[in-house]
Amino acid sequence: RVCSPASKTSLRLPRPGRSEVTRVIATLRHVQRLSGRTALVLGGGQGDPDSPVVGIGYATATTFGLHGAAVVVVDRDGDAAERTVDAVRRAGGQARAVVADVTVADDVERAVAEAARVFGRIDVLHNNVGAARLGGPEELTLDEWRATFAVNLDSVFLGVQKTLPHLLERGG
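Here the structure is a predicted model, which is why all the values come from computation and not from measurement.

Reading the values: the criteria
- Residues numbered from 1 in each chain as written.
- Predicted model: local features only at pLDDT ≥ 70, side-chain atom pairs only at ≥ 80, totals over all residues.
- Heavy atoms only, no water.
- Helix = DSSP H or I, 4+ residues; strand = E, 2+ residues; numbered from the N terminus.
- Buried < 20%, exposed > 50% of the residue type's maximum accessible area, 1.4 Å probe, protein only.
- Contact = heavy atoms within 4.5 Å.
- Areas by Shrake-Rupley, 256 points an atom, 1.4 Å probe, with all protein chains shown as cover.
- Phe/Tyr/Trp six-rings, centres within 6.5 Å; stacked < 30°, edge-to-face > 60°.
- Pairing = 2+ DSSP bridges.
- Axes fitted to C-alpha atoms, helices over the stretch in contact; angles between N-to-C directions.
- Polar contact = N/O pair within 3.5 Å; in protein donor to acceptor, adjacent residues only side chain to side chain.

Peer 1: So what exactly am I meant to see when it comes to the overall build of the chain here?
Peer 2: Scanning the chain for helices and strands turns up five helices and six strands. Counting over 172 residues, the chain shows a buried share of 31%. Long-range contacts, defined here as pairs at least 24 residues apart, represent 67% of the contacts in the chain between residues at least 6 apart. Of the roughly 10900 Å² that the chain leaves accessible, carbon and sulfur atoms contribute 54%.

Given below as structure tokens:
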């Protein structure tokens, strides 16, 4: 019973029906839907440890960990990757940091190999790397232009190219 102090009346709350119980059970199953799987998060490091804002890669990695996945956090900043790994572990997940430049094929291949070696499989790839250099042809150099495309496009291509055999092996 719930009593309202203002009216001194009581109200009977309905008991959960079968549909509510089924929904709760489905939710609990959903929470661990990545249990036994490995997720590779490219660009998963948390940059500023004092910032109240977290990055998308950090949020994704910790969410994957909450859902039961082992998470491999790949970032060019080792400290940032370790901060995310610590958060995943605090959330109860398993995690590993790998320092790599995702615009370099050998680095991406090494990160993928490390994920497969440590956790035995790769089931999820999250490409989270991106950069913006503002300006037009008058402000940007050709090298800056190419570096932006390498970060925004080459990293996705390399991540998929190097991870795809593992994903296909798992039926993904």
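So much for the structure itself; the text now carries on.
Peer 1: Would you explain the packing of aromatic side chains in this entry?
Peer 2: Aromatic ring pairs are defined here through the distance separating the ring centres and the angle between the ring planes. One pass over the full model with this rule turns up one aromatic pair. Both rings, one in Trp-145 and one in Phe-149, keep their centres 4.8 Å apart while their planes meet at 50°; by these two values the pair is tilted. Linking Trp-145 with Phe-149, this pair stays in helix H5 (residues 142-169), spanning four residues, or about one helical turn. Overall, the relative accessible area of 38% leaves Phe-149 in the partly exposed class.

Peer 1: What's the story with the sheet that holds strand E5 (residues 94-99) in this structure? I'm lost.
Peer 2: Backbone-to-backbone hydrogen bonds join strands into a sheet, with any given pair of strands oriented parallel or antiparallel. Spatial strand order, E5-E4-E3-E6: four strands in an open sheet with parallel pairing. On the outer flanks of this sheet lie E5 and strand E6 (124-127), each paired with one strand and no other. Averaged over all neighbouring strand pairs, the angle between strand axes comes to 15°, with direction disregarded. Pairing of strand E4 (residues 70-75) with E5 involves six bridges; the strand directions are parallel. Along E5, the bridge assignment pairs Val-73 with Ala-97. Against the sheet, helix H4 (residues 105-119) engages strand E3 (38-42), E4 and E5, with an angle of about 155° to E5.

Peer 1: Just checking my understanding: could you explain the side chain of Asp-123 for this structure?
Peer 2: Relative to the helices and strands, Asp-123 is located in the loop between H4 and E6. According to the relative accessible area criterion, Asp-123 is buried, its value standing at 15%. Only 2.8 Å separates the side chain of Asp-123 from the backbone nitrogen of Thr-38, close enough to count as a polar contact. Within the structure, the side chain of Asp-123 is placed 2.7 Å from the side chain of Arg-121, a separation counted as a polar contact. Once residues within four sequence positions are removed from consideration, Asp-123 is found in contact with Gly-36, Arg-37, Thr-38, Leu-167 and Arg-170.

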